[in-house]
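Tertiary structure, described
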Amino acid sequence: MLATGEEKAHGSGSETSSAVRVEIYERPRGWRGVYYHPATQICLVGLVCFMCPGMFNALNGLGAGGQVDATTSANANSALYSTFAFFAFFSGSVHNVLGPRICLLLGTWGYTLYIGSYFATNIHSNAGDFIVVAGAILGVCAALVWTAQGSLMMAYPTEAQKGTFIGYFWGIFNLGGVVGSAVAFGSNFNSTANKVGNGTYIVFLVLSLTGVVLPLFLADPYKMIRTDGTRVTPIRHPSWKTEFISLFVALRTDPWIVLLFPMFFASNYFYTWQFNDYNGALFNIRTRGLNNFVYWTAQIFGSFFIGHFILDLRRFRRRVRAFLGWSIVVVLVFAVHLWSYYYQLTYTRASDPPTAVKMDINDPSYPAHVWLMIFYGLLDSMWQTTAYWLMGAMSNDPAKLAVFTGFYKCFQSAGSAVVWRLDAVQKPYMNIFISTWVLAAAGMICAFPLVYARVKDYTEMDDEALLTRPNVERLPEPSEKK
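Here goes a summary of the coordinates provided. It should be emphasised that the depicted structure is a prediction, and the values quoted were computed from it without experimental measurement. (Residues numbered from 1 in each chain as written. Predicted model: local features only at pLDDT ≥ 70, side-chain atom pairs only at ≥ 80, totals over all residues. Heavy atoms only, no water.)

1. Description of the overall build of the chain
Scanning the chain from terminus to terminus reveals 18 helices and 2 strands. When each of the 482 residues of the chain is scored for burial, the buried share is 61%. Look at the contacts in the chain between residues 6 or more apart in sequence, and 85% of them connect residues 24 or more apart. When the accessible surface of the chain is split by element, carbon and sulfur atoms take 68% of a total near 18300 Å². (Helix = DSSP H or I, 4+ residues; strand = E, 2+ residues; numbered from the N terminus. Buried < 20%, exposed > 50% of the residue type's maximum accessible area, 1.4 Å probe, protein only. Contact = heavy atoms within 4.5 Å. Areas by Shrake-Rupley, 256 points an atom, 1.4 Å probe, with all protein chains shown as cover.)

2. Details of helix α6 (residues 109-123)
Taking 1.5 Å per residue, 15 residues should reach 21 Å; α6 reaches 22 Å between its end C-alpha atoms and fits that length. Within α6, 11 of the 15 residues are buried, which leaves it mostly tucked inside the rest of the structure. Here α6 has its buried residues at Gly110, Tyr111, Thr112, Tyr114, Ile115, Gly116, Ser117, Tyr118, Ala120, Thr121 and Asn122. Elements that come into contact with the buried residues of α6 comprise α3 (53-61), α4 (70-98), α5 (100-107), α7 (128-155) and α9 (198-213). (Expected span 1.5 Å × (residues − 1).)

3. A closer look at the environment of Lys162
Topologically, Lys162 is positioned in helix α8 (residues 162-187). Setting aside anything within four residues of it in sequence, one finds Lys162 in contact with Met154, Pro157, Asp312, Trp389, Gly392, Ser395 and Asn396. Side-chain polar atoms of Lys162 contact the backbone oxygen of Ser395, separated by 3.2 Å. (Polar contact = N/O pair within 3.5 Å; in protein donor to acceptor, adjacent residues only side chain to side chain.)

4. Overview of unusual backbone geometry
Generally, phi is negative for residues other than glycine and the peptide bonds are trans, each holding for most cases. In the Ramachandran plot, Gln426 falls in the positive-phi region, its phi being about 65° despite a non-glycine side chain. Topologically, Gln426 is positioned in the loop between α16 (398-424) and α17 (429-453).

5. So, the packing of aromatic side chains
Scanning all chains against the criterion turns up 47 aromatic pairs. Ring plane angle 90° and centroid distance 5.2 Å describe the contact between Phe86 and Phe87, whose orientation is recorded as edge-to-face. Ring plane angle 55° and centroid distance 5.9 Å describe the contact between Phe323 and Phe448, whose orientation is recorded as tilted. Linking Phe323 in helix α14 (residues 318-344) with Phe448 in helix α17, this pair joins segments that are 125 residues apart in sequence. By way of ring pairs, the aromatic residues Trp146, Phe169, Trp170, Phe173, Phe261, Phe264, Tyr388, Phe407, Tyr408 and Phe411 are connected into one cluster. Taking the ring centre of Tyr25 as reference, the NZ or CZ of Arg231 above it sits at 5.6 Å. Here the guanidinium or amino end of Lys409 rests over the ring plane of Trp146, the centre of that ring lying 4.2 Å away. (Phe/Tyr/Trp six-rings, centres within 6.5 Å; stacked < 30°, edge-to-face > 60°. Lys NZ or Arg CZ within 6 Å of the ring centre and 35° of its normal.)

Below is the structure:
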């Protein structure tokens, strides 16, 4: 049943501007209502990322991919994020042609290949080049996965639900890192080596293969109706040329997005110091597994806290929520890095080589060190949630959001490629740490003008640049299909 009416800006679930006529649809009921509910679909996307990127995070979070020597892992990550950065710039346009389900189906295979390369290296020690090649392939696949994920996660909720839905996704996704870390911790608890056993990699492989088939169960996004009765905007771009033009249309019509590029660049940069130069450098394998476990667990709570209790706090206007979220992340950036600096002063690459005796969970100084990992997990999740929320506050157009997500992953991966390569060539830990701190601070400072001048209390139709540009064909409504 279709109804048309005037949607008032204040009090609307979508927080769109007043005097805009919107079509309200009746949502399906029964099991179809559950299946086609936006929260259900976001949770399914979360499960896909639980199984694939989640296992990747658990593997990377161990430091050196669970191996002794971090050089191969650092080179593989540099290759991964180099290809990711290049293909992510165009992945938004590819997504708008292929659709999210096909992008997820194609992209998830790369994670299985990458995990399998570590398993192969654990058996054949001279197969390190396989890990680097698998990393480069995963970069292409990950660009498809994360662009599809970002577009769906920002398009399905109403304006008032975006922070909460991002929290739902981030919680389920990070459960993958939690489960993977628990597997690594449990299976290597009695190990005296500084690397994981074959059983850990086998479990990761099985879980990632499960994630490959899950995209088949996702609903068609253009059949989705939000909880306020508005449809996810049906749109089709008729040619690849038009798709690539959308990149430049998005930049020309919304140049404020450029101010988020430094935040994007820094958003994965800190992983190298956290995982390789702190967790991998100071702790033995079972302690690395436990650190990894608490890190990803903290992410679940951090994302839900800032998403649900800050960014979607209805008692405040959206602009006020934006300033609150920004302020919390800034405080965490400086508090956590000041704490980290104190520890970084105590060790170098020379003083703690890979073969040295590492810190164990029973050491007296361990509790203070593990709390730093917990706060890094909180910072990471709040950073990523705030970045997605800010992009979602700029538009409701799925095609435009896919382009924004592509920009996000492009610059995020460029930063990662740089810092992983610096780690691979053995740059001093302190140099990498200081660059991490500076970039994190710069990212938040550059984002402030966007928060101040671009984030509005309500989304205007002018924000939907890709919907209103020439040569864009809308898909027919369900009632028009024969």
